Amino acid sequence: DTEVTQTPKHLVMGMTNKKSLKCEQHMGHRAMYWYKQKAKKPPELMFVYSYEKLSINESVPSRFSPECPNSSLLNLHLHALQPEDSALYLCASSQANDRLYEQYFGPGTRLTVT
Amino acid sequence: TQLLEQSPQFLSIQEGENLTVYCNSSSVFSSLQWYRQEPGEGPVLLVTVVTGGEVKKLKRLTFQFGDARKDSSLHITAAQPGDTGLYLCAFFPGAHYQLIWGAGTKLIIKP
């Protein structure tokens, strides 16, 4: 099983809403990632969890709050977003001690903030 | 800072033609990854090249790692509409779990 799943596929939310994005993998990977991707651009790293601990926060605004409940699940809690936060949000996972760090991506959540 | 330059940025060709896209840097890589991303989907890892001069084939796709490990190319033979997508190269610099990404080549194959 090399699949990373993400829900929901699409999300439209107002600037006062609170919502969560969910990600799950069952490949035994101990590193999980959140990326933001704008159209025609490469993914931008937001957060990295390694062994369920937050190891990287790439200066992401506090309106994005990640959570890693266990080694298979990763959440991204959203609150008071801005229209410029509209993007494709990608989850990925990899082996944590692999020198190649090959990443496996989910299909993404297309987020629109109105 | 190690940067990856991809070229061309955009390529639109007819079905059946051959094409090559490039990923270059002034720095040496320990390895390099190629991903393909279709519209509205996440990137899918195609291949990782590790050894200088290495050639890997994936059906009609041929990946090459330069002898000096500073550049890589992806050659597609007899392109098909299903090859359409954004092709991204990336490398792992060895710290902080981060991948460094090229800007991508957007490829359109017209039937």
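Residues numbered from 1 in each chain as written. Chains lettered and ligands numbered in written order. Predicted model: local features only at pLDDT ≥ 70, side-chain atom pairs only at ≥ 80, totals over all residues. Heavy atoms only, no water.

Draft legend 1. Representation of the sheet that holds strand β8 (residues 73-79) of chain A in the model. Residue and element names in this part refer to chain A. In spatial order, the strands read β1-β3-β8-β7; together these 4 strands make up an open sheet with antiparallel pairing. Lying at the two open borders of the sheet, with one neighbouring strand each, are β1 (4-7) and β7 (64-70). The average angle at which neighbouring strand axes cross in this sheet is 20°, direction not considered. Two elements, β7 and β8, share 5 bridges in a ladder whose sense is antiparallel. When the sheet's bridge partners are listed, Phe 64 is paired in β8 with Leu 78. (Pairing = 2+ DSSP bridges. Helix = DSSP H or I, 4+ residues; strand = E, 2+ residues; numbered from the N terminus. Axes fitted to C-alpha atoms, helices over the stretch in contact; angles between N-to-C directions.)

Draft legend 2. Representation of the interface of chain B and chain A. Of the residues lining the interface, 21 residues belong to chain B; the matching set on chain A comes to 27 residues. Both faces combined, the contact of chain B with chain A buries some 1900 Å², and carbon together with sulfur accounts for 59% of it. For the pair chain B and chain A, the number of links is 1 salt bridge. A salt bridge links Lys 9 of chain A to Glu 41 of chain B, with the shortest nitrogen-to-oxygen separation between them at 3.2 Å. Our count for the contact surface shared by chain B and chain A stands at 5 residue pairs in polar contact (both at pLDDT 80 or more). Elements represented by at least two residues in the side of chain B that touches chain A include exactly β4 (32-37), β5 (44-49) and β9 (85-91) of chain B. When its residues are assigned to classes, the side of chain B that touches chain A shows 11 nonpolar, 9 polar and 1 charged. (Contact = heavy atoms within 4.5 Å. Buried area = accessible area lost by both parts, 1.4 Å probe. Salt bridge = Lys/Arg side-chain N within 4 Å of Asp/Glu carboxyl O. Polar contact = N/O pair within 3.5 Å; in protein donor to acceptor, adjacent residues only side chain to side chain. Nonpolar A, V, L, I, M, F, W, Y, C, P; charged D, E, K, R; others polar.)

Draft legend 3. Expanded view of unusual backbone geometry. Here the amide bond leading from Thr 7 of chain A into Pro 8 of chain A is cis, since omega sits at -10°, within 30 degrees of zero. Examined against the element boundaries, Pro 8 of chain A turns out to sit in the loop between β1 and β2 (10-13). Ser 7 of chain B connects to Pro 8 of chain B through a cis peptide bond whose omega is -10°. Tracing the backbone through its elements, the reader meets Pro 8 of chain B in the loop between β1 (5-7) and β2 (10-14). A positive phi is found at Tyr 51 of chain A, a non-glycine position, where the angle reads about 50°. In this fold, Tyr 51 of chain A is placed in the loop between β5 (44-50) and β6 (53-57). At Arg 69 of chain B, a position not held by glycine, the phi torsion is positive, near 55°.

Draft legend 4. Summary view of the pairing of β8 of chain A. Residues and elements named next belong to chain A. Two strands pair when backbone bridges link them, and strand β3 (residues 18-25) and β8 are joined in this way by 7 bridges, in the antiparallel orientation. If you follow Glu 24 over to β8, its bridge partner there is Leu 73. Two successive antiparallel strands, β7 and β8, enclose a turn made up of 2 residues.

So far we have only geometry, and geometry alone does not tell us how the molecule works.
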